[in-house]
Amino acid sequence: MFLGSHFPKVDDKGRFVLPAKFREELGDGLVISKGQERCLVIYTVEGFQQEAQVAMSGPSTLKGIRDFQRMFAAGASQEVPDAQGRVTIPQVLRNYAGLDKEIAVIGAFNRVEVWDLAAWEAYQSTQDDQFAQMDQEIFPGGTPRQQG
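In this report, the structure presented in the accompanying data block is examined. (Residues numbered from 1 in each chain as written. Predicted model: local features only at pLDDT ≥ 70, side-chain atom pairs only at ≥ 80, totals over all residues. Heavy atoms only, no water.)

1. Things to note about the overall build of the protein chain
Piece 1. Within the protein chain, the secondary structure is distributed over five helices and eight strands.
Piece 2. Helices and strands in the protein chain line up, N terminus first, as β-β-α-β-β-α-α-β-β-α-β-β-α.
Piece 3. Overall size of the protein chain, expressed as C-alpha extent along the three principal axes, is 45 × 40 × 25 Å.
Piece 4. Scored against the burial criterion, the 148 residues of the protein chain give a buried share of 39%. (Helix = DSSP H or I, 4+ residues; strand = E, 2+ residues; numbered from the N terminus. Buried < 20%, exposed > 50% of the residue type's maximum accessible area, 1.4 Å probe, protein only.)

2. Things to note about the environment of Val-31
Piece 1. Examined against the element boundaries, Val-31 turns out to sit in strand β3 (residues 30-34).
Piece 2. Judged by its relative accessible area of 5%, Val-31 falls in the buried class.
Piece 3. Spatially, the C-alpha atom of Val-31 lies 8.6 Å from that of Val-80, the residues being 49 residues apart in sequence.
Piece 4. Excluding its chain neighbours within four sequence positions, the residues that come into contact with Val-31 are Val-41, Ile-42, Tyr-43, Val-45, Phe-48, Ala-76, Ser-77 and Gln-78. (Contact = heavy atoms within 4.5 Å.)

3. Considering helix α5 (residues 117-133)
Piece 1. Between its first and last C-alpha, α5 extends 25 Å over 17 residues, near the 24 Å set by a 1.5 Å rise per residue.
Piece 2. The sharpest bend along α5 measures roughly 30° and falls at Gln-127.
Piece 3. Among the residues of α5, the N-terminal cap falls to Asp-116, whose side-chain oxygen and the backbone nitrogen of Ala-118 are separated by 3.2 Å. (Expected span 1.5 Å × (residues − 1). Bend = angle between axes of the 7 residues up to and from the residue. Polar contact = N/O pair within 3.5 Å; in protein donor to acceptor, adjacent residues only side chain to side chain.)

4. What to know about the packing of aromatic side chains
Piece 1. Counting across every chain of the model gives eight aromatic pairs.
Piece 2. Residues Phe-68 and Phe-72 carry aromatic rings whose centres are separated by 5.3 Å and whose planes lie at 20° to one another, so their mutual orientation is stacked. Placement of both Phe-68 and Phe-72 in helix α3 (residues 63-74) is noted, with a separation of four residues, approximately one turn of the helix.
Piece 3. Of the aromatic side chains, those joined through ring pairs into one cluster are Tyr-43, Phe-48, Phe-68 and Phe-72. (Phe/Tyr/Trp six-rings, centres within 6.5 Å; stacked < 30°, edge-to-face > 60°.)

5. Focus on the pairing of strand β7 (residues 103-107)
Piece 1. Burial of β7 is extensive: five of the five residues sit out of reach of the surface.
Piece 2. Judged by which residues are buried, β7 turns out to be covered on both faces: Ile-103, Val-105 and Gly-107 on one side and Ala-104 and Ile-106 on the other are all buried.
Piece 3. Sheet topology note: the strand β1 (residues 5-6)/β7 ladder contains two bridges and is antiparallel. Along β7, the bridge assignment pairs Ser-5 with Ile-106.
Piece 4. Summarising the sheet, β7 and strand β8 (residues 112-116) pair through five bridges and their orientation is antiparallel. (Pairing = 2+ DSSP bridges.)

6. Quick word on a nonpolar patch on the surface
Piece 1. Nonpolar side chains collect at one region of the surface, where Met-1, Leu-3 and Phe-109 lie side by side and expose about 370 Å² of accessible area between them.
Piece 2. Along the chain, the position of Leu-3 falls in the segment before β1. (Patch = residues over 30% accessible without salt bridge, like charges linked within 9 Å, V, L, I, M, F, W, Y side chains within 5 Å. Areas by Shrake-Rupley, 256 points an atom, 1.4 Å probe, with all protein chains shown as cover. Salt bridge = Lys/Arg side-chain N within 4 Å of Asp/Glu carboxyl O.)

7. Notes on the pairing of strand β4 (residues 40-44)
Piece 1. Within β4, five of the five residues are buried, leaving the element largely enclosed by the surrounding structure.
Piece 2. Neither face of β4 is exposed, since Leu-40, Ile-42 and Thr-44 on one face and Val-41 and Tyr-43 on the opposite face are all buried.
Piece 3. Sheet topology places β3 next to β4; five bridges connect them, and they run antiparallel. Residue pairing for β4: Leu-30 is matched across the bridge by Thr-44.

Everything listed here is a matter of geometry and, on its own, says nothing about what the molecule does.
Structure (structure tokens):
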């Protein structure tokens, strides 16, 4: 499981140092792809395969599903961290997420997200209040979670 927030820098070759907490799960290989909100998502190879199975389970006769499948698969890049734990982010993905030097690498349970630091700070500042105010169940099929 991936947890926490980390703030490495992207070097001139488009690499960043993977947080030590994430290296054990991702050290043998990972897949980076486009995520929502213009961030990148990093999965273990197995985790990406699971996400791909879900994406492929939808009928490709529906335009929205086709669009998602194309963008998710076409943007994906399988990478292996080097001996120092550095991961290369392909230029096309750096462009998509607006990554320059300052980034935020956050754990999001089953995936790692990579954000431009300014974009992450802006997103987080708007979401903090909404998160604090959540008072009903947000997960489909669940029962409302009681506070107190």
